[in-house]
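# Observations on chain architecture
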Amino acid sequence: MDYSFDINSLDDLYQEVILDHYQRPRNKGVLTNPDISSKGFNPFCGDEIILSIKLDSKGKTKCILFDGQGCSISQASASMLTELLSNKNLDELKSISYSFRAMMRGESLSSGEMSLIEGLEVLEGVRKFPIRIKCALLAWAALEDGIEEYSVKVLKKEP
Amino acid sequence: MDYSFDINSLDDLYQEVILDHYQRPRNKGVLTNPDISSKGFNPFCGDEIILSIKLDSKGKTKCILFDGQGCSISQASASMLTELLSNKNLDELKSISYSFRAMMRGESLSSGEMSLIEGLEVLEGVRKFPIRIKCALLAWAALEDGIEEYSVKVLKKEP
Amino acid sequence: MLDIKAIRKDFPILSRTVYGKPLVYLDNAATSQKPSSVIETITNYYQNYNSNVHRGVHALSMEATEHYEAAREKVANFIGAPDSTCLIFVRGTTEGINLVASSWAIPNLGPGDEILLSEMEHHSNLIPWQRVAQITGAVLKFIPVTEEGVLDLENLSALINNRTKLVSVTHVSNVLGTINPVKELARKAHNVGALIMLDAAQSVPHMPVNVQDLECDFLAFSSHKMLGPTGIGGLYVRPSVLKTMQPFQSGGEMVKEVTFTSASWNDHPFQFEAGTPSISASIGLGAAVDYLQSIGMDEVRNHEMAITQYALEELKHLSEDFIFYGPNDISIRGGAISFYSDLVHPHDLGTILDQEGIAIRTGHHCAMPLVRERLKVSATARASFYIYNTESEVDQLVKALKKATRIFTNAYKKNI
Amino acid sequence: MLDIKAIRKDFPILSRTVYGKPLVYLDNAATSQKPSSVIETITNYYQNYNSNVHRGVHALSMEATEHYEAAREKVANFIGAPDSTCLIFVRGTTEGINLVASSWAIPNLGPGDEILLSEMEHHSNLIPWQRVAQITGAVLKFIPVTEEGVLDLENLSALINNRTKLVSVTHVSNVLGTINPVKELARKAHNVGALIMLDAAQSVPHMPVNVQDLECDFLAFSSHKMLGPTGIGGLYVRPSVLKTMQPFQSGGEMVKEVTFTSASWNDHPFQFEAGTPSISASIGLGAAVDYLQSIGMDEVRNHEMAITQYALEELKHLSEDFIFYGPNDISIRGGAISFYSDLVHPHDLGTILDQEGIAIRTGHHCAMPLVRERLKVSATARASFYIYNTESEVDQLVKALKKATRIFTNAYKKNI
Ligand SMILES: Cc1ncc(COP(=O)(O)O)c(C=O)c1O
Ligand SMILES: Cc1ncc(COP(=O)(O)O)c(C=O)c1O
C-alpha cells in the first residue's frame, strides 16, 4: 500500500450502527456455567474479548454473552456477533464465522453466504483500514477457538 | 586514515635485517626450567610467541629463547628481542620494552632511549602499516607479561 | 534555543505526506526519525569501505575497523563512560538487559536473593528478570507507582535491603514520562552491596546522561530512539563488574584460543560481541551521536521541556473525558504524554489521528502490568516529542483529538 | 552466463581505488559487497517510512510492518521454507546457532547425549556446542576431515548412533571450500531420531539452497555474506520443532500477556524476536534476495565454479612452496581457496597483496582447531569469490603472489 495519498473515509469505518453497538453493547456479561468459553486477545493493542455460550438440549445456542475491553471495532463486532448467533447450532456458527472472515478478506460471497452474515456488512468498511481488520475479527477468532476446544474436549472429536 | 591514495613502501616493511631474522631466527627454542616464561598470542591472526628466560645469580638475563609461529614481523621482532636483551636486569628489560613501544607509537625518543633500542630502528617502518604494529609488539607484550608475573609470583611485589 | 526549522530540514522524512497531509510525527518514544547525516554515513560505508572488521589485513577491513571502533569511542564518550572497552554494542536496550541477565545475574544470584524493579517497567526490563527469578530462585520486588505516576519511595529502605542484589529500573518511563531519581536509588543500592541497572532507552536520547555521574553499574539504550539506525544499541558496564561477567553468545570474535574441546575468551568488550557485528549500524550510531552533540543535549532537553509544557497546557482544553498520566512537574518528566478517554478508545483515536497525518502510539506500550493493573485501562494513547517537533504540531494534535471526540459524541447523542 | 560487466556496475565500491590501484575484492567469504539496490532500499526506508513495526496504527508503522514482513516472506521463500512463520530474523549465523543452542539444545539434552559436529567447523558452530556440552553433560563428537579436505564418512554409522541427538555441520567450509553431503547426513541423523542443523553461512549466498529438499531441521545464514546489510540473518526451524522450543531473549514483542510476575509467549516467529528488530537491515536483506533471484542462484553457482576452476589452475603456476587446501573436484567445492607457503607467511602475503589493491583474508578464519590441529599451520591465506569477480582479477592475484614470493626469495638468497 502507498499511504502517501490514499484518503480513507472515516465514515466507512465509524458507521452509526457500529458506534451504536460500541456505546450500547448488547449481551454483555459472563455466564457462570458456559458450555463454550473462550478468550481472544490481541497482544499488539491489548484488546480483549471473552465469549461465553450456553447451548440448549439440541446443541443450539441458547445464550451468548461477551465481555472485554478495547476499541469500538472489536467491541461492536463482538456485540453484533452475540446478536446474530442466537439459536444456531455449531455448524451454523462455523459457517457464519467463515463467511464473515471471507468478507473481511475481500472475497466475493454467494448470496447464501451473504444472507448468513446479514447485518455484518457494516463492518466491511473496516477493510479500508487493514490494521483494524484484526479488531473486527477478534471475537470471531475467539468463537472459532471456543468451538474447536469444545469439539475436542466435550464432543471428543477432531474439529 | 585514507587508504585510497596512500602508497606505502614495502621496502620500509621488509627490510633486509628483518627478513634475515625471519629466515634465520636467533635463539629459537624453549628452555626447560625458565625463570620467566610467557606466551603472546594474537587471536585475530593466530600469531604466537613463547618467551623463556633464565636469569643469573645477579638477576640478569643469562639466556633468552623464543619459540612460536607467525608472520615475518612478529618472528623477526622476537628474534631481535632475544639478541638485544641478553645480560640485562629486569628494570633494563622494562626500559627497553617501553622505549620500543614509544617508538612504535611514533613518539620522539631521547638519545638515551634511542641507544637502549639500538638495532630495533629497522622495525620503525612497520608504523606505516598500522595493522602490523601488533605483530612487532607481540614478543614485547609477552615479555612485559612475563616480567609482571615473575614480579608478583617470585618477587612477591606489585610490579 | 534550537533552530527547529533548520533541524527539520535535516530529516528527509519530515517532508513526506500521509494521505495527502503533512506528516506530524509524534511517536518518538517508539522510534525516532533519522537525519541525513546518519543516512549518508550508512550509504558511505556500503559504497566505500564495507568490510568485515577486526580480522583483515587489507585496506577496507582496516578502514571499517577504524570507523567501527571510533563509533564505539564516540558512544562511550557520549554517556560519560571511563573508556570505550566498557561499552558493548548490542542490538538494543532489550538485548543489553538480556545480556546482563545472562552474563551477570544468572551466574550470581540464588534463592532468596532479591531483584528490585519498579511497577513502571517496559517488558524488556521485566521479563528477563522474571526468567532470572525462575532459573535462580531469586525473588522480584517492585517499587510501587503513586497516583501521580512517580515512584513511591516511602518504603524504599524495606525494599532495598540486605537480600537485594540488583536494582533495575527505567531512567525515564516510556508511558508516564516520569524521570526517576536513579542516582538516589544507585546510592541506596550500593549501600547494601547491590548493583544497579538503568533502562536508559528513554533518557539517553533526550537528556544529558553520564554513567559515572549517575553511579550506575549497567546502563542500556537503543540507537533507533536517538536518531540512529535500527539494530544497534549500547550496554555500559562498570569496568570492575565487567571483569566478573560470563560470556553471552558464543562464536567467532569473542574467543582467544580455541581447540576442539575448549576455548578461552577474548578481552572485553569483544568477549560479549560474538559473530560479525552490525557494522553499518554501529557507525551510523556514531553519526547520530555526532549530530546530537552538535546540538547539545542540554538544548535537546530544554526544547522537550518547553514543548511538553505547552502540550500539557493545550491538551487540558479537551473534553473532561480525557485523563492524563504522569507528573505535572515538568522538571521530572520527559517528552512522552499518555492519555485515555472512555469516549474514544485509544485505538480509535490512533486511526482518526492517522487520517490527519498525525502519528501517535496507542496500546500498552510494552508496559502491560503498569497500564492494566495500575492505570486500570486496556490501552492509552501516547504522543511523544523530539527535537524536530513544533508547537504548531501540538496544535494539530489537539485539533484532531477534538475531531475524534466530535465523531464519537455525535454518535453518542444519536444513540441515546 | 552472467554479464559480469553489468553486475560490477551495480556495486559502487568496486570502482574505488586502494593506494591508487583498483580494488580487487577477494574476501567474499568474510563479507560480500552490496549492490546499489540494497543500499537504496535502506536509504529509502529511512527517508520515507522509518517507524517501529507491529505495534502502530499510523501509516508509517503500517508501511514499515508491511515491508518488514514482506522481507521475511522473500527470505523464507528464497531458502524454500514452507512458510514465513518458521523464519526467524537473527543478527547473523552466529546468533542463529546460539538461539538453537539456548532454545532447543539446552532444554532437550542431558548427560550422555551426543552432539555430532565436524572438524571443519567455524567457531560459531563449535563454541555454542562446547557451552551446551558443559551445561547439559552432552558429549561432542567430530566427523574427521581427510587429507583431501572432505568429511571422512567411513565411521559415520558409529558416529551417528542412538545417543546422537543433534548433528550440526557446516554446509560449505569457509576454509576448505568443501561442500558437505548434508542431505545424506540429514537422513542418517533422522534415522536415529536426531535433528540436524546446517551452518549455511557459506552456502545460502552462493548456491540454490532449499531447506525442505535438504531435509534439515535448523539452518542459519548471514545477510552480510549474501549482498545484504550487516546485522541481520535468518534462522529456519522446521515447524514441528519450532513449536517445542523455549523462548530466547525476552522483552517486548515476544510476549502475549504480561503481569508483574508472569508472561505468556507470542506466536512464532515473534516469540524469538525480543525487542525492536533490525528493521532496515531486514528490509535490506529482502532487497539482496531480490537481486540474487533476478540473477538466478544456478547462474551464481555456475559462475563461481568457473572462476574457482580457473583460479585453481592458475595458482598451480606458483612456486612449489604453496600448499592448497580443499578438494580438487569443483562439483564439491565453493568459491573459497585457502593456501599456505612457508616462504611467505599468510600475514605477509596479505600485506603485500593489499599494497596491490587486492583484498584477501589471512589467519585462522575462525576455524582455529581445523587450521592448527588438522592443517597444522598457524594461519592460511584465503581468496574467495563472488558474482562480481573476474578471471582478470584472478590473474592479478597470481601476479601479486609471485611478487610476494620474489621479495622473500631474494631476501632468502641474500640471507644464506
Ligand atoms: C561457515 C561459517 N559459519 C559461521 C560464520 C559466522 O557468521 P556471522 O559472523 O555472520 O555470524 C561464518 C562467517 O564468518 C562462516 O563462514
Ligand atoms: C523504557 C524502554 N525500555 C526498553 C525499550 C526496548 O527497546 P528496544 O525495543 O530498542 O530493545 C523501550 C522501547 O521500546 C523503552 O521505551
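The structure this text deals with has already been given above.
These remarks concern the structure in this document. (Residues numbered from 1 in each chain as written. Chains lettered and ligands numbered in written order. Predicted model: local features only at pLDDT ≥ 70, side-chain atom pairs only at ≥ 80, totals over all residues. Heavy atoms only, no water.)

### Overview of the overall build of chain A
Within chain A, the regular secondary structure consists of six helices and three strands. From first element to last, N terminus to C terminus, chain A shows the α and β order α-α-β-β-β-α-α-α-α. Computed over the C-alpha atoms, the radius of gyration of chain A is 16 Å, within 12% of the 15 Å expected from 2.2 N^0.38 for a compact globule of 159 residues. Structurally, chain A occupies a C-alpha span of about 55 × 35 × 25 Å along its principal axes. Within chain A, buried positions represent 52% of all 159 residues. (Helix = DSSP H or I, 4+ residues; strand = E, 2+ residues; numbered from the N terminus. Rg over C-alpha atoms; globule rule 2.2 N^0.38 Å. Buried < 20%, exposed > 50% of the residue type's maximum accessible area, 1.4 Å probe, protein only.)

### A look at the site of ligand 2
Near ligand 2 there are 15 residues, and of these C:Thr94, C:Asp199, C:Ser222, C:Lys225 and D:Thr276 occur at the shortest range. Lying at an intersection of chains, ligand 2 is approached by residues of chains C and D. One of the side-chain N or O atoms of C:Ser222 is found 2.6 Å from an oxygen atom in ligand 2. In this structure, an oxygen atom belonging to ligand 2 sits 2.7 Å away from a side-chain N or O atom of C:His224. Within the complex, the protein chains bury 96% of what would otherwise be the 390 Å² of accessible surface of ligand 2. (Near = heavy atom within 4 Å. Polar contact = N/O pair within 3.5 Å; in protein donor to acceptor, adjacent residues only side chain to side chain. Areas by Shrake-Rupley, 256 points an atom, 1.4 Å probe, with all protein chains shown as cover.)

### A closer look at unusual backbone geometry
Residue C:Pro269 is bonded to the preceding C:His268 through a cis peptide linkage, with omega at 5°. You will see that B:Asn87, though not glycine, has its phi angle at about 60°, which is positive. Relative to the helices and strands, B:Asn87 is located in the loop between helix H3 (72-84) and helix H4 (90-104). In the Ramachandran plot, C:Glu253 falls in the positive-phi region, its phi being about 80° despite a non-glycine side chain. Tracing the backbone through its elements, the reader meets C:Glu253 in the loop between helix H9 (239-242) and strand E11 (255-258). When its relative accessible area of 3% is taken as the criterion, C:Glu253 is described as buried.

### Let's talk about helix H4 (residues 93-108) of chain C
Residue and element names in this part refer to chain C. Here H4 contains 16 residues, and its C-alpha end-to-end distance of 21 Å stays within 8% of the 22 Å for a straight helix at 1.5 Å per residue. At Ala-101, H4 shows its maximal bend, which comes to roughly 35°. Judged by how many residues are buried, H4 sits mostly within the fold: twelve of 16 residues are covered. Three or more residues of H4 are buried, namely Thr-93, Thr-94, Glu-95, Gly-96, Ile-97, Asn-98, Leu-99, Val-100, Ala-101, Ser-103, Trp-104 and Ala-105. (Expected span 1.5 Å × (residues − 1). Bend = angle between axes of the 7 residues up to and from the residue.)

### With respect to the interface of chain C and chain D
Counting residues at the interface gives 90 residues for chain C and 91 residues for chain D. Taken over both partners, the interface formed by chain C and chain D buries close to 7,000 Å², and the fraction arising from carbon and sulfur atoms is 56%. Where chain C touches chain D, the interface holds six salt bridges. Notably, a salt bridge pairs D:Glu95 with C:Arg91, separated by 2.8 Å at the nearest N-O pair. Where chain C meets chain D, there are 41 residue pairs in polar contact (both at pLDDT 80 or more). At eight residues, helix H2 (residues 36-49) of chain C tops the list of elements feeding residues into the side of chain C that touches chain D. Looking at side-chain class alone, the side of chain C that touches chain D contains 37 nonpolar, 36 polar and 17 charged residues. (Contact = heavy atoms within 4.5 Å. Buried area = accessible area lost by both parts, 1.4 Å probe. Salt bridge = Lys/Arg side-chain N within 4 Å of Asp/Glu carboxyl O. Nonpolar A, V, L, I, M, F, W, Y, C, P; charged D, E, K, R; others polar.)

### Brief notes about the relation of the copies chain C and chain D
Once chain C has been moved 0.0 Å along the axis and rotated by 180°, it coincides with chain D to within an RMSD of 0.0 Å. The relationship between the two copies is best expressed as a two-fold rotation axis. For chain C, the minimum C-alpha distance to the rotation axis belongs to C:Gly231 and amounts to 3.4 Å. Taken as a fraction of all interface residues of chain C, those also at the interface in chain D reach 100%, which identifies the copy contact as same-surface. (Least-squares fit on C-alpha atoms with pLDDT ≥ 70 in both.)

### Some remarks on the pairing of strand E6 (residues 139-143) of chain C
Residue and element names in this part refer to chain C. With five bridges joining them, strand E5 (residues 114-118) and E6 adopt parallel strand pairing. Across the sheet, the residue bridging to Ile-115 is Leu-140, located in E6. The β-α-β motif built from E5, the intervening helix H5 (residues 127-136) and the parallel element E6 has right-handed crossover chirality. (Pairing = 2+ DSSP bridges. Right-handed = clockwise from strand over helix to strand, strands pointing away.)

### Digging into the sheet that holds strand E14 (residues 336-341) of chain D
All names here are of chain D. Read across the open sheet, the four strands follow the order E13-E14-E17-E16; overall the sheet is antiparallel. In this open sheet, the two edge strands, each paired with only one partner strand, are strand E13 (322-324) and strand E16 (361-363). Across the sheet, the mean angle from the axis of one strand to that of its neighbour is 30°, orientation sign disregarded. (Axes fitted to C-alpha atoms, helices over the stretch in contact; angles between N-to-C directions.)

### Digging into the environment of B:Asn33
By the secondary structure assignment, B:Asn33 is in the loop between helix H2 (16-23) and strand E1 (36-41). Once the C-alpha coordinates of B:Asn33 and B:Cys135 are considered, the two residues, 102 residues apart in sequence, prove to be 27 Å apart.

### Focus on the interface of chain D and chain B
Between chain D and chain B, the residue contacts involve 26 residues of the former and 30 residues of the latter. Taken over both partners, the interface formed by chain D and chain B buries close to 2,300 Å², and the fraction arising from carbon and sulfur atoms is 54%. Where chain D touches chain B, the interface holds two salt bridges. The partner of D:Asp348 in a salt bridge is B:Arg132, and the shortest N-O contact between them spans 2.8 Å. Inspection of the region where chain D meets chain B yields seven residue pairs in polar contact (both at pLDDT 80 or more). Examining the composition of the side of chain D that touches chain B, we find that seven residues originate from one element, helix H14 (residues 391-415) of chain D, more than from any other. Taken together, the residues of the side of chain D that touches chain B break down into ten nonpolar, ten polar and six charged.

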